[in-house]
Amino acid sequence: MTRPASRDRTHVALMLALTFSTGIADAVGYLGLDKVFTGNMTGNVVILGMALVGADDLPVVGPVVALAAFLAGAALAGRILRPVAAGWHRRTTTVLVVVAAVLVAVAGALALADDGGPTLSGYPRAVELAVTAGLALAMGAQAGAARHLAVKDVTTVVVTSTITGLAADSALGRAVPQPWVRRVLAVVLIGAGAGAGALLLQVHLAWGVALSAAITVAVALVGHRTRD
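Worth saying up front: this structure is predicted, and the values here are computed from it rather than measured.

## Examining the overall build of the chain
Then, number 1: Along the backbone of the chain there are eight helices and zero strands.
Then, number 2: Walking the chain from its N terminus toward its C terminus, one meets helices and strands in the order α-α-α-α-α-α-α-α.
Then, number 3: For 228 residues, the compact-globule formula gives about 17 Å, and the C-alpha radius of gyration of the chain, at 18 Å, lands near that figure.
Then, number 4: For the chain, the spread of C-alpha atoms along the principal axes amounts to about 55 × 40 × 35 Å.
Then, number 5: The buried share among the 228 residues of the chain stands at 46%.
Then, number 6: Pairs at least 24 apart in sequence give 73% of the contacts found in the chain among residues at least 6 apart.
Then, number 7: When the accessible area of the chain is evaluated, it comes to approximately 10700 Å², of which 68% is carbon and sulfur surface.
Then, number 8: Of the charged side chains in the chain, 16 are positive and 11 negative, and the gap between their average positions amounts to 19 Å.

This is the structure in structure tokens:
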């Protein structure tokens with residue numbers, strides 16, 4: 001195997017790890033932060049649309065905060081990575097270190113503000129919105145870094161297009177060769193991450209965020225060692 005091919009496989013694995021991490025963050029957001037997605041912005045847009053026409057028990061402020069913070073994070077990543085070509089660069093490492101730092105700060109805030117329950121209910125609304133903003137900012141920056149790295153079919157934050165490709169290119173569809181392993185893994189891992197996040201919520205709200213931070217640190221370190 002050539003070195004570039006080996007590096008590409010490593011990058012796929014790293015983006016799949018971040019996809020798992022996104023599932024965790026979304027579980028924390030949806031189950032612990034009043035039905036808000038912190039990585040999957042499609043979900044927030046749908047929730048916001050229904051809430052704005054009067055659907056019961058759906059949040060408005062939380063999805064708006066998440067969308068704004070996600071956009072800010074993605075824009076920040078784009079600004080940092082703008083001068084460099086696609087691929088892993090030391091600036092990519094910088095973005096992911098920032099993501100990890102934000103996640104550590106959020107985990108710390110949750111550990112201090114929460115009594116160990118699975119949600120932040122009963123705590124000031126400002127705390128909940130600050131946690132939402134922090135998680136969405138981190139996920140936006142992560143998505144921006146993944147976009148720059150340009151690993152096909154693994155955006156780390158959404159799998160709808162991946163599922164579409166999996167079905168459309170299958171034997172029942174176009175019947176063309178496809179990277180089905182990474183596509184299936186992307187779908188499975190974001191779901192597995194959500195499951196892990198839901199389980200960790202039963203221990204403490206901060207644990208899922210802490211695990212996401214640890215995964216991001218590991219990805220940054222391994223990616224930095226294999227950069228172009």
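## Quick word on the packing of helix α4 (residues 90-113) against helix α5 (residues 125-149)
Then, number 1: As a packed pair, α4 and α5 sit with axes 9 Å apart at the nearest point and diverge in direction by 160 degrees. Here α5 runs roughly antiparallel to α4, going by the angle between their axes. For the pair α4 and α5, the sense of crossing is left-handed. Contacts between α4 and α5 involve Thr-92, Val-95, Leu-96, Val-99, Val-102, Leu-103, Val-106, Leu-110 and Ala-113 on the former and, on the latter, Val-127, Val-131, Gly-134, Leu-135, Leu-137, Ala-138, Met-139, Ala-141, Gln-142 and Ala-145.
Then, number 2: Counted by class, the contact of α4 with α5 contains 16 nonpolar, three polar and no charged residues.

## What about the nonpolar core?
Then, number 1: Formed by 53 residues in total, the largest nonpolar core has its most connected members in Met-15, Val-95, Leu-103, Leu-135, Val-209 and Val-219.
Then, number 2: For this core, the secondary-structure elements that each account for two or more residues are α1 (3-32), α2 (41-52), α3 (61-81), α4, α5, α7 (180-201) and α8 (205-225).
Then, number 3: Of the residues forming this core, the biggest block, ten residues, is contributed by α5.
Then, number 4: In contact with Met-15, not counting residues within four places along its chain, are Trp-88, Ala-146, Leu-149, Val-151, Val-154, Thr-156 and Val-219.

## Looking at the layout of surface pockets
Then, number 1: Here the largest pocket is characterised by a volume of approximately 240 Å³.
Then, number 2: Forming the boundary of the largest pocket are 17 residues, of which Ala-143, Arg-147, Thr-155, Val-157 and Val-158 lie nearest the centre.
Then, number 3: Counting only elements with at least two residues in the lining of the largest pocket, the list comes to α2, α3 and α5.
Then, number 4: Per-element accounting of the lining of the largest pocket gives the leading share, five residues, to α5.
Then, number 5: Looking at the lining of the largest pocket, its residues break down into ten nonpolar, six polar and one charged.

## Quick notes on α8
Then, number 1: Its 21 residues give α8 an end-to-end C-alpha distance of 32 Å, which sits within 8% of 30 Å, the value for a rise of 1.5 Å per residue.
Then, number 2: Taken residue by residue, α8 has Leu-205, Ala-206, Gly-208, Val-209, Ser-212, Ala-213, Ile-215, Thr-216, Val-219, Ala-220 and Gly-223 as its buried positions.

Reading the values: the criteria
- Residues numbered from 1 in each chain as written.
- Predicted model: local features only at pLDDT ≥ 70, side-chain atom pairs only at ≥ 80, totals over all residues.
- Heavy atoms only, no water.
- Helix = DSSP H or I, 4+ residues; strand = E, 2+ residues; numbered from the N terminus.
- Rg over C-alpha atoms; globule rule 2.2 N^0.38 Å.
- Buried < 20%, exposed > 50% of the residue type's maximum accessible area, 1.4 Å probe, protein only.
- Contact = heavy atoms within 4.5 Å.
- Areas by Shrake-Rupley, 256 points an atom, 1.4 Å probe, with all protein chains shown as cover.
- Lys, Arg positive; Asp, Glu negative; His and termini not counted.
- Charge placed at Lys NZ, Arg CZ, Asp CG, Glu CD.
- Axes fitted to C-alpha atoms, helices over the stretch in contact; angles between N-to-C directions.
- Parallel < 35°, antiparallel > 145°, perpendicular 65-115°, else oblique.
- Left-handed = near helix turned anticlockwise from the far one by under 90°.
- Nonpolar A, V, L, I, M, F, W, Y, C, P; charged D, E, K, R; others polar.
- Core = buried A, V, L, I, M, F, W, Y, C linked by side-chain atoms within 4.5 Å.
- 1 Å grid on protein atoms, 1.4 Å probe; cavity = no way out; pocket = protein on both sides within 12 Å on 5 of 7 lines; lining within 4 Å.
- Points joined across faces, edges and corners; volume = space filled by probe spheres on them.
- Expected span 1.5 Å × (residues − 1).

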